[in-house]
Amino acid sequence: MTVTVARVGPALRERRRALRRQRCAGPPPRDRAGGTRLESVHATASARFVGRARELATLEALLRVPRLGPTPLVLLHGEAGIGKTSTAAEFARRARRSGSLVLWGTCWEGGGAAPYGPWLEALSTAVDGHAPERMAALLGPDSAVLGELLPAVRRALPDLPSAPALAPGQTRLRLYEAVVRLLDGLDGSPVLILDDLQWADPAALELFVYVARLARRPLIVATYRGTGLDLDHPLAQRLAEANRHRPCEHLLLPTLSREEAAALLESAAGRELEPELVDVVWSESGGNPFFLAELGRHVHLDDHAACEGPARRQLPETVRQAVALRLAALSAQTRQVLALAAACTAGFGLAELRALTELDEPVLIDALEEALAAELIRSLGGERYDFAHALVRHALYERFSPSRRARLHRRLAEALERAEDPAQVASELARQYRASLSVPGAERGVAHALRAAEQARAAHAPADALELLGIALELTPAGDLANRGRITAALALAEAEACRLDDAPRTLEAALSLLEQTGADAETLAGLVYQVVSALADAWASQDGLAPLIANGLALLGEDRGLAWARLKLLERRYDTVPAGPHFATRWEGLDPEAVRIARTHGSEADYARTLDWHDSRSLSGLDELIPRIEAWRDPAARLRGLEAIVAFVVLKHCGSPAAERLCARLEQLAEELGSLPAQALASAYRAALLSGRGELDAAVATASRATALAERFDPAGRVHTLASFIGDLTAMHLTPDWERLAARMLDLATSRHRVPAYGLRHAAVASLAFAKAGQDREARDLLVHVIPALVGGDPHDHAQNAAVCIAGAAIWQLQAADLAGELLPAALALIDAGQGDFFMTSNELTVALLATLLGRVGDALEFFARARATFDELGLRPQRAGVDHHEAAARRRLRQPGAERLSSSAQAQYAALGIVEWRLRETRSADLPDGLTRREAELLRMVAAGRTNKEIAAELVLSVHTVERHLLNAYRKASVRNRADATAYVLRLEL
């Protein structure tokens, strides 16, 4: 805590000299960011500091000790005045002395600073002072993105182009990712300190959580007021989220010990104190450092009391009283200046104080010097100041009645309007007008609030825009329906861009009602619906919540079939629920053809891009003409959307297509250039599918894992994450699968309404295959009984059909279930007749061949095996080519056709040449097993033939008796035996 008398600041000394030279000198431009706050804190930190040895030792150990994972998030907290800032500042001083780069950001109580205020301050330290070449090297491809946040980047690189435009949610993610890369790219052991996090603006708090989740290198220290947080406080919710991703170290600052209190008191008093007095003051203060320092100053100033014994000394009972005693020692003019400054919550400058107080500059400077000497304020650098502690400001502010406070805030607002460019202080003006809402004329703040909200949106801080639009609504008279409608409409759009998926629809309905009352036309209203719904759709909102909004917009248009109608129709996702027993599945009906035509004829590039959807293959006809058109588009977001649709269609519907590799590489390149995190996740998922199809399974699993990790940053349970997980799971099936775990996971996904329903049939099909592989035949059949009718009745053009049919066919083959094969075969043939390509790691023709084999149709089976082999030879897909030989060998054994041994040897040789050890071993182990027996089933039959009981088998294999019985039941059925004696004879006859 402060124990020394501050000297007059250099800025004030220079100002005195300037006044002597030129009385009319005006104030310099104002820096709203407060970028030198760290230096002002550090300047007196060593003189003020007492105690905190344990906390500092913990912080220094965390900084020094190397870790394999991310450094912990340190939360330094405690009651007001306990010394959180000074402890953090002392640690920062020691860290800088040891060579660490310290980034310090301060959160302001009133929220008047710019969006991302503490980050502007902290990150500016990392980039300030660099030459252009060094700046470009430090930031790399993130220069344009970070240039939107940090003025220092634009100053150093004035010719830097703007970052490409993306959807608001993607733009915000791109900024967050750039900040994480900057922090992780700093040299040494960087330290990031965010002070008073309980006052962080919404955008700063969101970025804090993102950085805490993902930045691995910096030691992050956050201070906040309180021994605990209300669970409804935004910070409490954010800290809980951060704690799920990064270890947290909570350092609750205790009160000072008696010895520490004595040292602080004597420094503040300027002399040695009697032990009895120390005891009394320590007891009165409760060991709170700020209160102790105030009481020490009181002892220093109270000369009369200093001559008396400690028993007669009258000590202030509260911090407010202690501060009031110090204020009483100041001149009346200085007290007036500080009282007016108490209305400022983000620091104050000489210019606004002059406008607020209407004092001559020399008189005002005298008052500031007196307040600095009394250590009631401190310099932030330049000509900006702040109270030494928020408790000082509160003690001053609380002296005023509510009526006087309101008028003080109005006076400050009007002074700012006169002294400043309103565009530069729009946020602060809006808040000052709200604080003076009870004073007539508050509606003048509406324009400032709207301007500040637009600035927040431009800064990719929609949460801040929400707060400012809320202020605008508060300031707008209830009877002004036109303006209230306009502001509510802007609020709905901001909520959509901020991913407030529950709030935006309600606000939109309110906006439509207000606008209708003021005579807005149908096209204007429908346009608002489109803006909000498209923003929600781009934020990965559930279609269930969007459908009523779209229907409302279409109803407003009536029979009009113009571009507004087409835009809304293209946002529709008309899904039919597929009857599939307990499994939740849907099938999309496709885009409206008339809406597609209108959008392509009369709309923009963005409208054309929305007509492209890989779920609807008809929308992607004429790829040879479509791809050059998309590449020529000037709108980067439209170009990205169109390319995503094409790559999804080619990779997931025609995985072996020669164009798949080229198009996937182009999507990867464009996603990286634009910095789109969702596009990067999708590109990685598609790349994993291509790698898997080529047999590079380990690389495919790693790439799919990267895709899911990226998707978890923005869409943890949505369609991108679901797709990436599905590709990863299908790939892992070919390595060392845990069939029972996979079956349980896929069954859960297939039956959960909270998952992506379009994947329902695919998840159910994989679950059936996994159950069959695990020997749980009954569970596999129970699933297929519901899945097969849904697939047979499905459209072969549906995006999920080829995957689900082929995987269900593999399950039927594993079960050797001829009855089910007859049911599914029409759906497999329909895929071929419709010209549908192969899903990755599957083959429509191979599926037909396997189903025909089970039905005993020798000619059809051999024909489709040959067709599958020719397809894979043409496409160069060697793993699938080896799989055809493997499966045909088993089919020929079942059909009693010659050539099985030759094909089996060919498959083994191909697997060995590819280095696919697991597949080669699987071929070796399973090639000679008759009747579709699994390795586990054959093993159990051998143990039965050896005379072991079910209980003995269970103990030896570490299985339950129930599991042994289930496997034996399946084995008996496949081998057509009825009891243990028949099973023994079967094993001996076939030399199993």
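Keep in mind it's a predicted model, so treat the numbers as computed, not measured.

Undergrad: Sorry if this is basic, but what is going on with the overall build of the protein chain here?
TA: What the protein chain contains, in helices and strands, is 52 helices and ten strands. With 992 residues in all, the protein chain has 56% of them scored as buried. A fraction of 69% describes how many contacts in the protein chain between residues 6 or more apart in sequence connect residues 24 or more apart.

Undergrad: Where do I start with helix H40 (residues 760-773) in this structure?
TA: The periodicity of an α-helix, 3.6 residues per turn, causes residues three or four positions apart to be oriented the same way. Here H40 is 14 residues long and its end C-alpha atoms lie 20 Å apart, about the 20 Å a rise of 1.5 Å per residue gives. Immediately beyond the C-terminal end of H40, within one or two residues, lies glycine 775, with a positive phi of roughly 85°.

Undergrad: Explain the packing of aromatic side chains to me, please; I cannot follow it from the model alone.
TA: How two aromatic rings sit relative to each other is given by the distance of their centres and the angle of their planes. A full pass over the atoms with the stated rule returns seven aromatic pairs. Pairing tyrosine 116 with tyrosine 176 gives two aromatic rings, centres 6.5 Å apart and planes at 85°, and the pair type is edge-to-face. Here tyrosine 176 lies in helix H10 (residues 168-184) and tyrosine 116 lies in the loop between strand S2 (102-106) and helix H6 (117-127), a separation of 60 residues in the sequence. Both residues of the pair, tyrosine 116 and tyrosine 176, belong to the buried class. When the ring of tyrosine 176 is compared with that of tyrosine 210, the centres are 5.3 Å apart and the planes differ by 55°; the resulting orientation is tilted. Pair noted here: tyrosine 176 is in helix H10 and tyrosine 210 is in helix H11 (residues 202-214), with a separation of 34 residues, a long-range link. You can call tyrosine 176 buried: its relative accessible area is 5%. Joined through ring pairs, the aromatic side chains of Tyr116, Tyr176 and Tyr210 make up one cluster. The ring of tyrosine 530 carries the charged tip of arginine 567 above its face, separated from the ring centre by 5.8 Å.

Undergrad: Mind showing me how you'd approach the pairing of strand S3 (residues 191-195) here?
TA: Remark: a regular strand shows side chains that alternate across the two faces of the sheet. The element S3 is largely enclosed, with a buried count of five among its five residues. Side-chain alternation along S3 places Val191, Ile193 and Asp195 on one buried face and Leu192 and Leu194 on a second face that is also buried. For S2 and S3, the ladder comprises five bridges, and the chain directions are parallel. Bridge pairing in S3 places tryptophan 104 opposite isoleucine 193. Chirality of the crossover, the property in question, places the unit of S3, H11 and strand S4 (residues 219-225) among those that are right-handed.

Undergrad: Is there a simple way to explain the sheet that holds S3 in this structure?
TA: Whenever strands of a sheet pair, they do so through backbone hydrogen bonds, lying parallel or antiparallel. Taken together, the five strands give an open sheet; going across it, the order is S2-S3-S4-S1-S5, and neighbouring strands pair in parallel fashion. This sheet does not close on itself; its edge strands, each paired only once, are S2 and strand S5 (248-252). Strand-to-strand twist of the sheet, defined as the mean angle between neighbouring strand axes without regard to direction, takes the value 15°. Sitting on the sheet, helix H5 (residues 84-97) is in contact with strand S1 (73-78), S2, S3 and S4, with an inclination near 160° to S2.

Undergrad: Just checking my understanding: could you explain the sheet that holds strand S8 (residues 384-387) for this structure?
TA: Strands sit in the order S6-S8-S7 across an open sheet of three strands; the sheet is antiparallel. Only two strands of the sheet have a single partner each, and these edge strands are strand S6 (348-349) and strand S7 (377-381). Bridge count for S7 against S8 is four bridges, and the pairing is antiparallel. The residue of S8 that forms the bridge with isoleucine 377 is phenylalanine 387. Against the sheet, helix H20 (residues 361-373) makes contact with S6, S7 and S8, and its axis sits at roughly 110° relative to S7, the strand it touches most.

Undergrad: Would you explain the pairing of S8 in this entry?
TA: Residues Arg384 and Asp386 point to one face of S8 and Tyr385 and Phe387 to the other, with burial holding for every one of them. Where S6 lies against S8, two bridges are found, and the strand directions are antiparallel. Paired with glycine 349 across the bridge in S8 is arginine 384. Hairpin connection from S7 to S8: two residues lie between these consecutive antiparallel strands, with glycine 382 at a positive phi of about 65°.

Undergrad: Quick question: what am I supposed to make of the environment of proline 247 here?
TA: If you trace the backbone, proline 247 turns up in the loop between helix H12 (234-243) and S5. Each C-alpha atom, one on proline 247 and one on glycine 69, is 9.6 Å from the other, the two residues being 178 residues apart in sequence.

Undergrad: Sorry, what's going on with the environment of glycine 859 here?
TA: One can find glycine 859 in helix H45 (residues 858-875). The class of glycine 859 is exposed, set by a relative accessible area of 51%. In this structure the C-alpha to C-alpha distance between glycine 859 and alanine 849, which are ten residues apart in sequence, comes to 9.5 Å.

Undergrad: Honestly, the pattern of salt bridges in this entry has me stumped. Any pointers?
TA: Pairs can form between side chains of opposite charge whenever their charged atoms are close. Taken as a whole and assessed by the stated rule, the structure comprises 42 salt bridges. One salt bridge in this structure joins glutamate 474 and arginine 434, with 3.5 Å as the shortest N-O distance. Of this pair, glutamate 474 sits in helix H25 (residues 462-475) while arginine 434 sits in helix H23 (residues 426-435); the two residues are 40 residues apart in sequence, bridging distant segments of the chain. When the shortest N-O distance is used, the salt bridge between aspartate 885 and arginine 881 registers 2.9 Å. Taken together, the positions of aspartate 885 and arginine 881, both in helix H46 (residues 878-895) and four residues apart, correspond to about one turn of that helix. As far as the burial class goes, aspartate 885 and arginine 881 line up, both buried. Residues joined by salt bridges that share partners form a network here, namely Arg869, Asp873, Arg881, Asp885, Glu888 and Arg892.

Undergrad: For this particular structure, what's the right way to read the nonpolar core?
TA: Among soluble globular proteins, nonpolar side chains are generally buried collectively. Grouped together as the largest cluster of nonpolar side chains are 234 residues, with contacts concentrated most on Trp119, Val179, Leu197, Phe208, Val211, Tyr686 and Ile812. The biggest single contributor to this core is helix H34 (residues 636-653), with eleven residues. Every residue in contact with valine 211, bar those within four places of it in the chain, is listed here: Trp119, Val179, Val180, Leu183, Leu192, Ile220 and Arg246. In terms of nonpolar packing, the next biggest core, distinct from the first, is built from 35 residues, Leu508, Ala526, Val533 and Ala566 among them.

Undergrad: Please explain helix H4 (residues 53-64) as it appears in this structure.
TA: Here H4 is twelve residues long and its end C-alpha atoms lie 16 Å apart, about the 16 Å a rise of 1.5 Å per residue gives. Buried within H4 we find Glu55, Leu56, Leu59, Leu62 and Leu63. Angular distribution of buried residues about the axis of H4 spans 125°; they occupy a single face of the element. Away from the buried face of H4 by more than 90 degrees, exposed residues Ala53 and Arg64 are located. Buried positions along H4 lie against S1, H5, S3, S4 and S5.

Undergrad: Got a minute to help me understand the side chain of aspartate 777 in this structure?
TA: Mapped onto the elements, aspartate 777 comes out in helix H41 (residues 777-792). The buried category is assigned to aspartate 777, whose relative accessible area is 3%.

Undergrad: I'm lost on the packing of H4 against H5 in this one. Help?
TA: Packed helices, taken two at a time, are described by their axes: the angle between them and the distance between them. The contact between H4 and H5 brings their axes to 10 Å, and the two run at 40°. Here H4 lies oblique to H5, going by the angle between them. The crossing of H4 and H5 is right-handed. On the side of H4, the interface is formed by Leu56, Leu59, Glu60 and Leu63, while H5 contributes Thr87, Glu90, Phe91, Arg94 and Ala95. Tallied by class, the residues present in the contact of H4 with H5 amount to five nonpolar, one polar and three charged.

Undergrad: I keep staring at unusual backbone geometry and nothing clicks. Help me out?
TA: Negative phi values dominate among residues other than glycine, just as trans dominates among peptide bonds. We note that tyrosine 116 has phi near 60°; this positive angle belongs to a residue other than glycine. Exposure remark for tyrosine 116: the relative accessible area of 0% places this residue in the buried category. The phi dihedral of serine 976 falls on the positive side, at around 60°, and the residue is not glycine. Along the polypeptide, serine 976 turns up in the loop between helix H51 (961-975) and helix H52 (980-990). Given a relative accessible area of 66%, serine 976 falls into the exposed group.

Undergrad: What should I look at first to understand the side chain of serine 692 in this one?
TA: Position of serine 692 relative to the elements: it lies in helix H36 (residues 677-693). Other than its neighbours up to four places away in sequence, serine 692 contacts Leu697, Ala700, Thr731, Phe840 and Met841.

Undergrad: I tried to follow the confidence of the model for the protein chain on my own but got confused; where do I start?
TA: One rule of thumb: low pLDDT means the predicted coordinates there are not for detailed reading. In this model, the protein chain carries an average pLDDT of 84, and 89% of its residues clear a pLDDT of 70 or more. Confidence drops under pLDDT 50 across residues 1-13; counting only partners more than four residues distant or on other chains, this segment forms 39 contacts. Below pLDDT 50 for its whole length, residues 303-313 participates in ten contacts with residues either more than four positions away or in separate chains.

Undergrad: Got a minute to help me understand the packing of helix H27 (residues 503-517) against helix H28 (residues 522-538) in this structure?
TA: One way to put it is that H27 packs onto H28 with a least axis distance of 10 Å and a crossing angle of 170°. Here H28 runs roughly antiparallel to H27, going by the angle between their axes. Contacts between H27 and H28 involve Ala504, Pro505, Leu508, Ala511, Leu512, Leu515 and Glu516 on the former and, on the latter, Leu525, Leu528, Val529, Val532 and Leu536. Residues belonging to the contact of H27 with H28 are distributed by class as follows: eleven nonpolar, no polar and one charged.

Each value, and the rule that gives it
Residues numbered from 1 in each chain as written. Predicted model: local features only at pLDDT ≥ 70, side-chain atom pairs only at ≥ 80, totals over all residues. Heavy atoms only, no water. Helix = DSSP H or I, 4+ residues; strand = E, 2+ residues; numbered from the N terminus. Buried < 20%, exposed > 50% of the residue type's maximum accessible area, 1.4 Å probe, protein only. Contact = heavy atoms within 4.5 Å. Expected span 1.5 Å × (residues − 1). Phe/Tyr/Trp six-rings, centres within 6.5 Å; stacked < 30°, edge-to-face > 60°. Lys NZ or Arg CZ within 6 Å of the ring centre and 35° of its normal. Pairing = 2+ DSSP bridges. Right-handed = clockwise from strand over helix to strand, strands pointing away. Axes fitted to C-alpha atoms, helices over the stretch in contact; angles between N-to-C directions. Salt bridge = Lys/Arg side-chain N within 4 Å of Asp/Glu carboxyl O. Core = buried A, V, L, I, M, F, W, Y, C linked by side-chain atoms within 4.5 Å. Arc of directions from axis to C-beta. Parallel < 35°, antiparallel > 145°, perpendicular 65-115°, else oblique. Left-handed = near helix turned anticlockwise from the far one by under 90°. Nonpolar A, V, L, I, M, F, W, Y, C, P; charged D, E, K, R; others polar. pLDDT = per-residue confidence, 0-100.

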